[in-house]
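Residue-level listing of the chains:
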Amino acid sequence: MPSTHTPRAPVYPGTGLGRSVVAQIVGAAIVAAAVSIGYQAAYRRLRFPMPSEVPTVVASLVTLAVTACLAGTVLLCSRHRCRRRPHRGSGRLIVAAGWVLPALLSTAIQSWLLTGTKFYLNGLGGDQQFRTAFLTRMTDSPALADAVYPDLPPYYSPAWFWVGGRLADATGIHAWEFYKIWSIVTLAVAAALAHVLWARVVRPSTALILAMVTALVGLHTAAYSPYSWILVALAPPLAVLALRTARRLLRDGRLDAGACAGIGVYVGLAAITHALIAGVAAVFLAAVVATVALQARARTHLRRFLRGAAIAVASALPFVAVVWVPYLLASSPLEPDSTAAKFLPEIGARIPTPVFYATPLGALCAVGLGWLVVRARRDVVATGLTLAVGTALLWYALSFLAPLVSTTLLAFRLEPLLILALSCAGVLGIRDAAALARRRVRDPSRRAQAAERARVVTALVGAFAVASMLHVSYQTRTVEPAWNRAALNTPGPDGVIAEGTELQRTAGGPSAEEIHDAISALSGGRKASDLVALTDDHSLLAFYPYRGFQTVTSAYANPKAGFADRNGLIRDWAKAGDGLAAALDASPVRAPDVFVLSRTPQGWVYSLSVSRLPREPGDVSEPAVFSPSAFDPAHFAVQEVGHLVVAVRR
């Protein structure tokens, strides 16, 4: 009689993302944020001679302390693991270290780089002006809205800015100042969360090292965009967990609802935090399913797989719907246009090759590439990381084809993911090499000698790792030194630069505060959030929650705002002469209430930004010259502020 017994499917340890993992994620986020905020608060109280290398000494002391704690924790846990009855306290110790040490290192390095300034990297230059303005708007109101334009839902993914804005509003800290605090906290939390997820994949001591590597890679490659890094930092361990979940579903028919829901939540959060990462995640998941299905070589459990996919989709949809349904339903009387995807910098036109970087991270990436080549077919972790690297490279390849249809896929945003995945693979490659060396010694008479050699090699590797950690930490200063200088030299709303330091000075020209005071006086004290401003001094929108008629560049424009058509309206208004007020009344979209223009001999000038993407430079300036007589006192209240003029509609 044939057996009716059904063999049990193999169990994959650490695959699930159940309640315990959710609790750990919440705990790690709270602890890491507390460590970061506490360190930043203490660091701001210190008064350093400026300029000097005294802040470097503080960063060195913290880095040495973190490195010593890391080494001590790993060695202690390794000793307990070798015993027959491991000490329970070692597990708690390594969890605490994983939540605290990466966050502390990340915060200490960032605080050192930004000593003496309340601004984040690059001050209000480049992307940071737009991002700070977005945070300012989310601080002013919890309603989801575009970063600049009135009466439009957001197109630029708002989740990170919304959470930061709510926290800034709750703490009473100005949004432009909170942007630095929130960015540093984000990098710290990202490393701690990476430890939680890596601990589901590898041993806790290895997860701790991987979390430290995550922190260092983030400082080197992605500190400029903290909201995307928190997604990228979690991608490598999630890639492995997603592969294990797919194997359980397709091979064994075992549905892990918690893991499926966790993957869906990640994709959903990515869709509203950095939509590009959500697209890459979707491509990766398709690659995982295809790989597992091909490896199964038998009838897969399709029905259970579809149930798991449905759980993931259902978990992602609520996040996606909150942001993207209002955007899709929104209408505009202007012609939609978008040039953001046409941005093609030099780093986006080539495939990154971090294995050839002459740095410790480059060496780690080279080791990681070798490990992936050797282990990809036999080790689930290596397979998951290989698929992550392969997905990034595929995205680059598709992005190289995209210019044929006048767009790009912004592949350069994936360089941090590529470097992080290879660096993590390098750590695992070194771990496997050490384990292999220990296992190959089978002769009892040679074990003592081999053990001594292993200790020497371990000591040398440990010393090299400590030196590398210090070197990589110090090298963050040279990644983009112009960003650090820009942060230190950016004036606050009152025009003061490097406030509270020996370098304190006042910038020339009207400050944002002076312009704001003039607007407030001319408008009868109306709130900034009730006014639409036309100004090419976009720092005004970063400091105060004015709505803008036009954003700084087409790359940041909401497609439904009609950037090109708005430029056309501004040109028409400049030519309207005495009929300006009537032309504004006839505008198909809400017209400006406030004009902030430059006074020149030719007239009052607004500098239009005209897109040339994908050419370099991406934008050129075109003056729109208004006649001073167009601002009839019957319709406008006017006040000169330095070389600027402020005109407010009555």
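Everything quoted here is computed from the prediction, not taken from an experiment.

Bringing the overall build of the protein into the picture now. Looking only at helices and strands, one finds 21 helices and nine strands in the protein. Taking 650 residues into account, the globule formula puts the C-alpha radius of gyration at 26 Å, and the protein, at 28 Å, falls close to it. Its C-alpha atoms give the protein principal-axis dimensions of roughly 100 × 70 × 40 Å. Counting only residues that meet the buried cut, the protein has 52% of its 650 residues in that class. Restricting the contact set of the protein to residue pairs at least 6 apart, pairs at least 24 apart contribute 73%. Within the protein, the 37 negative side-chain charges are centred at a point lying 23 Å from the centre of the 60 positive side-chain charges.

Here we come to the side chain of Thr408. Within the secondary structure, Thr408 is located in the loop between helix 14 (380-401) and helix 15 (415-439). Since its relative accessible area comes to 6%, Thr408 is described here as buried. Of the polar contacts made by the side chain of Thr408, one reaches the backbone oxygen of Phe343; its length is 3.5 Å. Of the polar contacts made by the side chain of Thr408, one reaches the backbone nitrogen of Leu410; its length is 3.3 Å. Ignoring any residue separated from it by four or fewer positions in sequence, one finds Thr408 in contact with Ala341, Lys342, Phe343, Leu344, Ser399 and Ala402.

Here we take up the packing of helix 13 (residues 360-375) against helix 14. At their nearest, the axes of helix 13 and helix 14 sit 9 Å apart, and the two run at 115° to each other. Viewed along their axes, helix 13 and helix 14 form a crossing whose handedness is left-handed. Together, Trp371, Leu372 and Arg375 of helix 13 and Val381, Ala382, Leu385, Thr386 and Val389 of helix 14 make up the contact between the two elements. Partitioned by chemical class, the residues of the contact of helix 13 with helix 14 number six nonpolar, one polar and one charged.

Further remarks concern a nonpolar patch on the surface. Together, Leu144, Trp162, Val163, Leu167 and Val322 give the surface a local cluster of nonpolar side chains, amounting to about 380 Å² of exposed area. You can see Val322 is positioned in helix 12 (residues 302-329).

As a further point, take the packing of aromatic side chains. Summed over the entire model, instances satisfying the criterion amount to 33 aromatic pairs. Between Phe161 and Tyr227, the aromatic rings sit 5.4 Å apart at their centres with planes inclined by 50°, giving tilted as the arrangement. Here Phe161 is found in helix 5 (residues 159-171), whereas its partner Tyr227 is found in helix 8 (residues 226-232), with 66 residues between them in sequence. Plain terms: the ring middles of Phe549 and Trp573 are 5.0 Å apart, the flat faces sit at 50° to each other, and that makes the pair tilted. A residue pair is termed long-range when its members are at least 10 positions apart, and Phe549 in the loop between strand 4 (547-548) and helix 20 (563-575) and Trp573 in helix 20 qualify at 24 residues. Clustering of aromatic rings is evident, with ring pairs tying together Tyr120, Phe130, Phe134, Tyr156, Trp160, Phe161, Phe178, Tyr179, Trp182, Tyr227 and Tyr556. Sitting over the face of the ring of Tyr327, Lys560 holds its NZ or CZ atom 4.8 Å from the ring centroid. In this structure, Arg566 packs its charged tip against the face of Phe549, placed 4.8 Å from the ring centre.

With respect to the helices and strands, Val373 occurs in helix 13. Along the primary structure Val373 and Val57 are separated by 316 residues, whereas in three dimensions their C-alpha atoms are 41 Å apart.

By the alternation rule, side chains of strand 3 (residues 532-535) split into Val532 and Leu534 and Ala533 and Thr535, which are all buried. Of the pairings in the sheet, the one linking strand 3 to strand 4 comprises two bridges and is parallel in character. Paired with Ala533 across the two strands is Gly548, which belongs to strand 4. Note that strand 3 and strand 5 (residues 594-600) share three bridges and pair parallel.

The general pattern is negative phi for most residues beyond glycine and trans for most peptide bonds. Cis peptide bonds are those with omega within 30 degrees of zero, and the linkage from Met50 to Pro51 qualifies with -5°. Positionally, Pro51 belongs in the loop between helix 1 (19-45) and helix 2 (54-82). The linkage connecting Glu616 with the following residue, Pro617, adopts the cis geometry, with an omega of -10°. When you line up the elements, Pro617 lands in the loop between strand 6 (603-611) and strand 7 (619-626). One non-glycine residue with positive phi stands out, namely Asn122, at about 75°. Following the sequence through the fold, Asn122 ends up in the loop between helix 3 (88-113) and helix 4 (127-140). The backbone of Ala498 sits at a positive phi, close to 50°, despite the residue not being glycine.

Counting residues in hydrophobic clusters, the biggest one holds 166 residues, and the most contacted among them are Trp198 and Ile519. Residue contributions to this core peak at 18 residues, all from helix 6 (residues 175-198). Each residue touching Ile519, except ones within four places of it in the same chain, is listed here: Leu531, Leu540, Tyr546, Val594, Val596, Val646 and Val648. Among the nonpolar cores identified, the runner-up in size contains 25 residues, and Leu534, Ile570, Trp604 and Phe636 belong to it.

So, on to the pattern of salt bridges. Side chains that differ in sign of charge can pair as their charged atoms come close. Here the structure, examined in full by the defined rule, presents 14 salt bridges. Two residues, Asp432 and Arg375, come together in a salt bridge whose shortest N-O distance is 3.8 Å. Residue Asp432 is found in helix 15, and its partner Arg375 is found in helix 13; the two are separated by 57 residues along the sequence. Each of Arg375, Asp379, Arg431 and Asp432 takes part in one network of salt bridges that share partners.

Now for helix 17 (residues 481-488). What helix 17 keeps buried is the set Asn484, Ala487 and Leu488. Projected onto a plane normal to the axis of helix 17, the buried residues spread over an arc of 100° and lie on a single side.

A residue-level look at the protein finds 90% of positions with pLDDT of 70 or above and a mean pLDDT of 89. Least confident of the elements in the protein is helix 16 (residues 444-479), whose mean pLDDT is 69; most confident is helix 5, at 98. Here residues 1-14 is a poorly scored stretch, pLDDT under 50, and it has 14 contacts once near neighbours within four places are set aside; other chains count.

Cut-offs applied
Residues numbered from 1 in each chain as written. Predicted model: local features only at pLDDT ≥ 70, side-chain atom pairs only at ≥ 80, totals over all residues. Heavy atoms only, no water. Helix = DSSP H or I, 4+ residues; strand = E, 2+ residues; numbered from the N terminus. Rg over C-alpha atoms; globule rule 2.2 N^0.38 Å. Buried < 20%, exposed > 50% of the residue type's maximum accessible area, 1.4 Å probe, protein only. Contact = heavy atoms within 4.5 Å. Lys, Arg positive; Asp, Glu negative; His and termini not counted. Charge placed at Lys NZ, Arg CZ, Asp CG, Glu CD. Polar contact = N/O pair within 3.5 Å; in protein donor to acceptor, adjacent residues only side chain to side chain. Axes fitted to C-alpha atoms, helices over the stretch in contact; angles between N-to-C directions. Left-handed = near helix turned anticlockwise from the far one by under 90°. Nonpolar A, V, L, I, M, F, W, Y, C, P; charged D, E, K, R; others polar. Patch = residues over 30% accessible without salt bridge, like charges linked within 9 Å, V, L, I, M, F, W, Y side chains within 5 Å. Areas by Shrake-Rupley, 256 points an atom, 1.4 Å probe, with all protein chains shown as cover. Salt bridge = Lys/Arg side-chain N within 4 Å of Asp/Glu carboxyl O. Phe/Tyr/Trp six-rings, centres within 6.5 Å; stacked < 30°, edge-to-face > 60°. Lys NZ or Arg CZ within 6 Å of the ring centre and 35° of its normal. Pairing = 2+ DSSP bridges. Core = buried A, V, L, I, M, F, W, Y, C linked by side-chain atoms within 4.5 Å. Arc of directions from axis to C-beta. pLDDT = per-residue confidence, 0-100.

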